[in-house]
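# Structural overview for review
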Amino acid sequence: MVIGFIGLGNMAKAMIGGILKKDIVSCEDIIGSAATKKTCEKVSEKFGIQTRDSNRKIAKEADVIILAVKPQYFTQVIAEIMDDVDENKLVISIAAGKTLKWIEGAFEKRVKLIRVMPNTPALVGEGCTAVCRNELVSDEELAFAMTIFESFGQASVVNENLMDVVGGVSGSSPAYAFMFIEAMADAAVEGGMPRKQAYQFAAQSLLGSAKMVLETGKHPGELKDMVCSPGGTTIAAVRVLEEKGFRGAVIDAIKACIDKTKQL
């Protein structure tokens, strides 16, 4: 089983790292191409994979082809490789906004196709990936693909009509989380805490809170109430967040993200 990456950016590197860490295939069975020779050399040196000087060579040699380029390059890349993709090859797309139907149309034929939406925490093995497939992909092929996505975090199969929502709630949300961490750290610095320590306290608290949601199975509101003592400091802070429209701002931001994704 040869896995080929077209595009060797951050997400591709996260996937390659997870694949190798979980021994899904060996580095000899991973090949990749990129826009520049320098990128190919860096990724090859880091992971020990083989690289090729054209996308067509990846499509010819790989059993699983992962399209890891930005959405605006899809038309060009698919035009390059379409003649080398047959019914035996599995194509995986990580592009936001590009539907199964759109990608099939670009290939001008039916192909085995899986569409995924990962996020950047995959870079540290804590990714959250949504997965959908077309009807040509077998259960066994989907299961193999899931081992790839689960090698760098959690992965779940969703209906394709939810993929734009996934983009707003997990694909883009690390940016919101980083802003929240930065804001909390700014407040701590204002209170006299050194900047580096402030980031540590804010980030670890957010990490631990997320872990509590995932591992306890409790409703986030119930976990929030556990922290809010009657007449205490936390409920005073929560009141200010509510007054400033915290929930509404988050909901409106994610809706804007979903709407923009639908326009891609």
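Reading the values: rules and limits
Residues numbered from 1 in each chain as written. Predicted model: local features only at pLDDT ≥ 70, side-chain atom pairs only at ≥ 80, totals over all residues. Heavy atoms only, no water. Core = buried A, V, L, I, M, F, W, Y, C linked by side-chain atoms within 4.5 Å. Buried < 20%, exposed > 50% of the residue type's maximum accessible area, 1.4 Å probe, protein only. Helix = DSSP H or I, 4+ residues; strand = E, 2+ residues; numbered from the N terminus. Contact = heavy atoms within 4.5 Å. Arc of directions from axis to C-beta. Pairing = 2+ DSSP bridges. Axes fitted to C-alpha atoms, helices over the stretch in contact; angles between N-to-C directions. Right-handed = clockwise from strand over helix to strand, strands pointing away. 1 Å grid on protein atoms, 1.4 Å probe; cavity = no way out; pocket = protein on both sides within 12 Å on 5 of 7 lines; lining within 4 Å. Points joined across faces, edges and corners; volume = space filled by probe spheres on them. Nonpolar A, V, L, I, M, F, W, Y, C, P; charged D, E, K, R; others polar. Domains from an automatic or database assignment. Buried area = accessible area lost by both parts, 1.4 Å probe. Salt bridge = Lys/Arg side-chain N within 4 Å of Asp/Glu carboxyl O. Polar contact = N/O pair within 3.5 Å; in protein donor to acceptor, adjacent residues only side chain to side chain.

## Here we look at the nonpolar core
In this structure, F5, I92, I114 and F149 are the most contacted members of the largest nonpolar core, which totals 33 residues. When residues of this core are traced back to their parent elements, those giving at least two are strand 1 (3–6), helix 1 (10–21), helix 2 (37–47), strand 4 (64–67), strand 5 (90–93), strand 6 (112–117) and helix 6 (139–149). The element best represented in this core is helix 1, accounting for 6 residues. Those residues in contact with F149, other than ones at most four positions away along the chain, are M15, I92, I114, V116, T129, V131 and A155.

## Looking at helix 2
Among the residues of helix 2, C40, V43 and F47 are the ones counted as buried. Viewed along the axis of helix 2, the buried residues span an arc of 75 degrees, placing them on a single side of the element. Every exposed residue of helix 2 that faces more than 90 degrees away from the buried side is listed here: K37, K38, K42, E45 and K46. Looking one or two places after helix 2, you find G48, whose phi comes out positive at around 80 degrees.

## Here we look at the sheet that holds strand 2 (residues 30–33)
What holds strands together in a sheet is hydrogen bonding between their backbones, with the strands either parallel or antiparallel. Strand order across the open sheet formed by 8 strands is 3-2-1-4-5-6-7-8, with mixed pairing between neighbours. If you trace the sheet from one side to the other, it starts and ends with strand 3 (50–51) and strand 8 (153–157), each paired once. Direction of pairing for strand 6 relative to strand 7 (residues 127–133): antiparallel, over a ladder of 4 bridges. Bridge pairing in strand 7 links R115 to C132. Relative to strand 4, helix 4 (residues 74–81) is tilted by about 155 degrees, and along the sheet it contacts strand 1, strand 4 and strand 5.

## What about the pairing of strand 4?
Burial of strand 4 is two-sided: the residues V64 and I66 facing one way and the residues I65 and L67 facing the other way are all buried. In this sheet, strand 4 lies alongside strand 1 in parallel orientation, the contact comprising 4 bridges. In the strand pairing of strand 4, I6 is matched with L67. Across 4 bridges, strand 4 lies against strand 5 in parallel orientation. Counted as the bridge partner of L67 is S93 from strand 5. Between strand 4 and its parallel partner strand 5, the chain crosses via helix 4, and the hand of that crossover is right-handed.

## Let's talk about the layout of surface pockets
Space inside the second largest pocket adds up to approximately 1,200 Å³. Taken together, 46 residues form the lining of the second largest pocket, with G9, A68, V69, K70 and P71 sitting closest to its centre. Those elements giving two or more residues to the lining of the second largest pocket turn out to be helix 1, helix 2, helix 4, helix 7 (163–171), helix 8 (173–190) and helix 12 (246–263). Top element by residues in the lining of the second largest pocket is helix 2. It accounts for 4 residues. Broken down by class, the residue content of the lining of the second largest pocket amounts to 22 nonpolar, 17 polar and 7 charged. Structurally, the lining of the second largest pocket is a two-domain feature, drawing no fewer than three residues from each of domain 1 (3–158) and domain 2 (166–262).

## Let's talk about helix 7
Among all positions in helix 7, only M163, D164, V166, G167, G168 and S170 are buried. Residues of helix 7 that are buried make contact with strand 6, strand 7, helix 8 and helix 12.

## What about the domain arrangement of the protein?
Accessible area lost upon the coming together of the parts is a frequently used measure of interface size. Along its sequence, the protein is organised into domain 1 (3–158) and domain 2 (166–262). Averaged C-alpha coordinates put domain 1 and domain 2 at centres separated by 32 Å. Facing 9 residues of domain 1, the contacting portion of domain 2 comprises 7 residues. Of the roughly 550 Å² buried between domain 1 and domain 2, counting both surfaces, carbon and sulfur atoms make up 72%. Taken together, the connections running from domain 1 to domain 2 amount to 0 salt bridges. For the pair domain 1 and domain 2, the interface holds 1 residue pair in polar contact (both at pLDDT 80 or more). In terms of residue class, the side of domain 1 that touches domain 2 is made up of 5 nonpolar, 4 polar and no charged.

## Looking at the pattern of salt bridges
On inspection of all chains with the given rule, the structure shows 15 salt bridges. Between D139 and R133 there is a salt bridge, with the nearest N and O atoms lying 3.0 Å from each other. Owing to a relative accessible area of 53%, D139 belongs among the exposed residues under this scheme. A salt bridge links R247 to E242, with the shortest nitrogen-to-oxygen separation between them at 2.7 Å. Among the residues examined, R247 registers a relative accessible area of 48% and is labelled partly exposed. Salt bridges linked by common partners bring E104, R110 and E135 together as one network.

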